[in-house]
Amino acid sequence: MNETFASALDAFDRAILAILQQDNTTPQRQIGEKVNLSAPAVQRRIRRMEKDGVITANVAIVEPAALGHPITLFVEVELVSEMAKDIDAAKRAFLAAPEVQQCYYVTGEVDFMLVVLVPSMAAYEALTRRLFFADANIRKFRTFVAMDRVKAGLSVPVG
């Protein structure tokens, strides 16, 4: 979403988004009651925000350990070449790896920050061989293991 989208959102849209970010299964009738709009008006606004790219997905947030991925790692990745084609190749590789939950192309001393979920350190070692050691454009990577997930949220402030 860019600033044009943000300026086009009114107080009703923001109130609807606040509710949906907490529970996107909230019935539109209930949302309407909370924000003083009819259910059809809520539905029109939600559809418009989906069409405009304000709402990008409706997903279930799953506990990683429940699916056998109890280890969360943060990985800094530095490339050898920062030519556009090489950056794009790295982005494609990270996108294709199911273990990479999040990937950010960043400024600073490293080029990428990854959030990785794995079932074991052996699985992470296999991933490093496949994703980092096998790629001649990866200069180095540094891994941080999460000891405890204190906060993990996807809600964006609506105010």
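Residue positions are given per chain, counted from 1 along the sequence in the order it is written. Two thresholds apply to this predicted model, a pLDDT of at least 70 for residue-level local features and 80 or more for giving and counting side-chain atom pairs, whereas whole-chain, interface and lining totals are computed over all residues. Just so you know, side-chain values use all the structure's heavy atoms and leave hydrogens and water out.

K.L.:
Can you lay out the packing of helix 2 (residues 11–22) against helix 3 (residues 28–35) for me, pointing to particular residues and giving the numbers?
P.N.:
Here an angle of 0 to 180 degrees is reported between the N-to-C directions of two axes, which are lines fitted to C-alpha atoms, with helices fitted over the stretch in contact. The numbering of helices and of strands both runs from the N terminus, where a helix is a DSSP run of H or I of at least 4 residues and a strand a run of E of at least 2. Close contact between helix 2 and helix 3 brings their axes to 10 Å; oriented N to C, the two are set at 130°. On the basis of the axis angle, helix 2 is oblique to helix 3. The chirality of how helix 2 crosses helix 3 is right-handed. Packed against helix 2, whose contacting residues are Phe 12, Ala 15, Ile 16, Ile 19 and Leu 20, the element helix 3 presents Ile 31, Lys 34 and Val 35 at the interface. Every angle not falling under 35 degrees, over 145, or within 65 to 115 is termed oblique; those three ranges are roughly parallel, roughly antiparallel and roughly perpendicular. Should the near helix be turned counterclockwise from the far one by less than a right angle, the crossing is left-handed, whereas a clockwise turn marks it as right-handed. Contact definition: two residues touch when any of their heavy atoms are within 4.5 Å.

K.L.:
Describe the sheet that holds strand 4 (residues 138–145), naming the residues involved and giving the relevant values.
P.N.:
Strand pairing follows a simple DSSP-based rule, namely that at least 2 bridges must link the two strands. Reading across the sheet, the four strands line up as 2-3-1-4 and stay open at both edges, with antiparallel pairing between neighbours. Sheet topology places strand 2 (100–105) and strand 4 at the edges, where each strand pairs with a single neighbour. Pairwise comparison of adjacent strand axes, ignoring direction, gives a mean angle of 20° for this sheet. Of the pairings in the sheet, the one linking strand 1 (residues 71–79) to strand 4 comprises seven bridges and is antiparallel in character. Bridging across to strand 4, Val 75 finds its partner in Thr 143. Of the strands in this sheet, strand 1, strand 2, strand 3 (112–118) and strand 4 touch helix 5 (residues 84–96), which is tilted by about 15° from strand 3. Together, strand 1, strand 2, strand 3 and strand 4 form the strand contacts of helix 6 (residues 121–133), whose direction differs from that of strand 4 by roughly 160°.

K.L.:
A description of the packing of helix 2 against helix 4 (residues 39–51) should follow, citing residues and the corresponding values.
P.N.:
What describes two packed helices is the angle between their axes and the distance between those same axes. It is the contact of helix 2 with helix 4, at a shortest axis distance of 11 Å, that shows an interaxial angle of 85°. Taken together, the axes of helix 2 and helix 4 are roughly perpendicular relative to one another. Taken together, the residues of helix 4 that come into contact with helix 2 (itself represented by Phe 12, Asp 13, Ile 16, Leu 17 and Leu 20) are Val 42, Arg 45, Ile 46, Arg 48 and Met 49. Three classes are used: nonpolar for Ala, Val, Leu, Ile, Met, Phe, Trp, Tyr, Cys and Pro, charged for Asp, Glu, Lys and Arg, and polar for all others, with Gly counted as polar. Its residues assigned to classes, the contact of helix 2 with helix 4 shows seven nonpolar, no polar and three charged.

K.L.:
Quick one: what's the story with the nonpolar core, residue by residue and with numbers?
P.N.:
It is characteristic of soluble globular proteins that their nonpolar side chains tend to be buried jointly. Membership of the largest hydrophobic core comes to 19 residues, with the highest contact counts inside it found for Val 77, Phe 94, Leu 114, Val 116 and Phe 132. Listed by contribution, the elements that provide at least two residues to this core are strand 1, helix 5, strand 3 and helix 6. Of all the elements, strand 1 adds the most residues to this core, at five residues. Ignoring any residue separated from it by four or fewer positions in sequence, one finds Phe 94 in contact with Val 77, Val 100, Cys 103, Phe 112, Leu 114, Leu 131, Phe 132 and Ile 138. Core analysis: the next-biggest nonpolar cluster, separate from the first, contains 14 residues, Ile 16, Ala 41, Val 42 and Ile 55 among them. We define the nonpolar core as a collection of buried residues of types Ala, Val, Leu, Ile, Met, Phe, Trp, Tyr and Cys that are connected through side-chain atoms lying within 4.5 Å of one another. Think of it in three bands: with a 1.4 Å probe and only protein chains considered, a residue is buried below 20% of the maximum accessible area for its type, exposed above 50%, and partly exposed in between.

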